[in-house]
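# Chains, contacts and geometry: an overview
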Amino acid sequence: MNDGSHTGGLSAKEIVEWSTRYTLFDWAAQSKISPIPVASAKGVYFYDPDGKRYLDFNSQLMSVNIGHGDRRVAEAVAKQVETLSYVNSAAMTTEVRALLGHKLAQLFPGDIEKSFFTLGGAEANENAIRIAKAVTGRHKILARYRSYHGATSGAITLTGDPRRWANEPGIPGVVHVLDFYHGTTRPMDSAAEALAALEETIELEGPKTIAAFIIEPVTGTNGILVPPDGYLEGVRELCDRHGILMIADEVMSGFGRTGRWFAVDHWGVVPDLITSAKGLTSSYVPLGAVGIRREVAAHFDDHPFAGGLTYNSHPVGLAAALATIRVYEEDGLVEHSAKMGEVMRRHHEELAARHPSVGGHRNIGLFGCLEIVRNRETGEPMAPFNSGSPEMAELSRFALDHGVFVNLHWNQVMTNPPLCITEAELAEGFEVLDQALEITDRAVTG
Ligand SMILES: Cc1ncc(COP(=O)(O)O)c(C=O)c1O
């Protein structure tokens, strides 16, 4: 047995026991969790302390986009820690801040030119709505039901999915709207219908009270929902017409996940504010950012920005981001994501053809999911809304036992590997899923 001062040498069992006893895990009753102890990771694989290898089919939290253990990022981080690990972000600045600000102004869509740096996605969204309220002088924020925007008090109020419920009442002024998707059992609406519903909500709420509409351009955890053509363009037009700022939450969909740098790039839409985290540093170091359009940022030329963070522009995070962006560029990972997305689609199609429990599938780049159903005709999901099921749990356990980590969301199996994945590695993951789906096929009725 190790004492508390020990910094290594714990057994796999002790790692789990100590972690669950002394630390709190996210979103769960603590007695119900059984975390996988992880000792190291490289490329698309991670390893437990006993050396068992797992294919990371979810890039951890859809975030390790460049893959694990890239020396180029590790060295940049180590060098920054050694040279200058921290400065007061209000009174001082650094070369890495200048360089990353400049780089993001090139990468972000359109004239999004100025960045505010945070520690993660939720903080980025908090500051995006702070900026929108300050610039417009309005107080309401529209958000969508099928969304996740983070777990701080503003961000969890913006969140439309059931993770919000236990956190209510949240901040005032948030109004949720429906989008173009209504679950497995009903077909997608057209862009026109979804936009008409949005327009009606804007009218009923009073356009001049609404500061911003925040959306995930391609929805992440709530089902990899790819908007029909015309939807984002229509949102942009409605926002323009009513002086409402459009906030694109690209915390999950950004940095190559969809096969473009940002999801909005597929439709050529420029939001007023864009939020980012996860893929920005591929999670090597925590960092988030709010990108702000030139005209919106100009508001703060003469009005003080009423926000701040001790870790705004943390040099180590910024160095990780710069090195990560260099990796995307050097290795052509954004283009590779688009190409592998086509391969993923073929795998999805093959699984849907072979397995009656695959009721649907979606992907854009390497942002994908399979919808598992009990009955294809009725579309009844294999796990109900906001719940799991024994079959889904068994499917995930089978995949894990066979060395593939997949993330489940109710009746959905996420397929979101690191963007550096090869065709052979994709095939390896889908081969295991092919076997695992026999479990859910057995529960199919009708
Ligand atoms: C779309 C989206 N926005 C915001 C967040 C919150 O980011 P963070 O957990 O870094 O605060 C997430 C996290 O999953 C996300 O997927």
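Presented here is an overview of the structure given in this document. (Residues numbered from 1 in each chain as written. Predicted model: local features only at pLDDT ≥ 70, side-chain atom pairs only at ≥ 80, totals over all residues.)

A word on the nonpolar core. Judged by nonpolar contacts, the single largest core of 116 residues is most densely connected at A132, A212, F213, L245, I247, L273 and A320. With 9 residues, the top contributor of residues to this core is helix α11 (residues 315–330). (Core = buried A, V, L, I, M, F, W, Y, C linked by C-beta atoms within 7 Å. Buried ≥ 20, exposed ≤ 12 C-beta atoms within 10 Å, placed from the backbone. Helix = DSSP H or I, 4+ residues; strand = E, 2+ residues; numbered from the N terminus.)

So, on to the packing of helix α13 (residues 390–401) against helix α14 (residues 423–441). Packing of α13 against α14 leaves a shortest axis separation of 9 Å and a crossing angle of 155°. Judged by the angle between their axes, α13 and α14 are roughly antiparallel. The two elements α13 and α14 meet at a crossing, and its hand is right-handed. Contacts from E391, E394, L395, F398 and A399 in α13 reach V432, L433, A436, I439 and T440 in α14. Residues that form the contact of α13 with α14 fall into these classes: 7 nonpolar, 1 polar and 2 charged. (Axes fitted to C-alpha atoms, helices over the stretch in contact; angles between N-to-C directions. Parallel < 35°, antiparallel > 145°, perpendicular 65-115°, else oblique. Left-handed = near helix turned anticlockwise from the far one by under 90°. Contact = placed C-beta atoms within 7 Å. Nonpolar A, V, L, I, M, F, W, Y, C, P; charged D, E, K, R; others polar.)

This part covers the sheet that holds strand β2 (residues 45–47). Spatially, the 4 strands line up as an open sheet ordered β1-β2-β3-β14, and their pairing is mixed. Strand pairing shows two members of the sheet lacking a second neighbour, β1 (40–42) and β14 (404–405), which therefore form its edges. Looking at chain direction, strand β3 (residues 53–56) and β14 are connected through 2 bridges and run parallel. Bridge pairing links L55 to V404 in β14. (Pairing = 2+ DSSP bridges.)

Here the amide bond leading from E168 into P169 is cis, since omega sits at 0°, within 30 degrees of zero. Looking at the element boundaries, P169 is found in the loop between α6 (153–158) and β6 (174–177). Even without a glycine there, the phi angle at W27 is positive, about 55°. The residue S59 is not glycine, and still its phi comes out positive at about 45°. On the secondary structure map, S59 appears in helix α2 (residues 59–62). With 29 C-beta atoms counted inside 10 Å, the residue S59 sits in the buried group.

Here we come to the sheet that holds strand β4 (residues 112–118). Strand order in the open sheet made by the 7 strands is β4-β10-β9-β8-β7-β5-β6, with mixed pairing throughout. Among the strands making up the open sheet, the edge pair consists of β4 and β6. Taking each pair of neighbouring strands and ignoring which way they run, the sheet shows an average axis angle of 20°.

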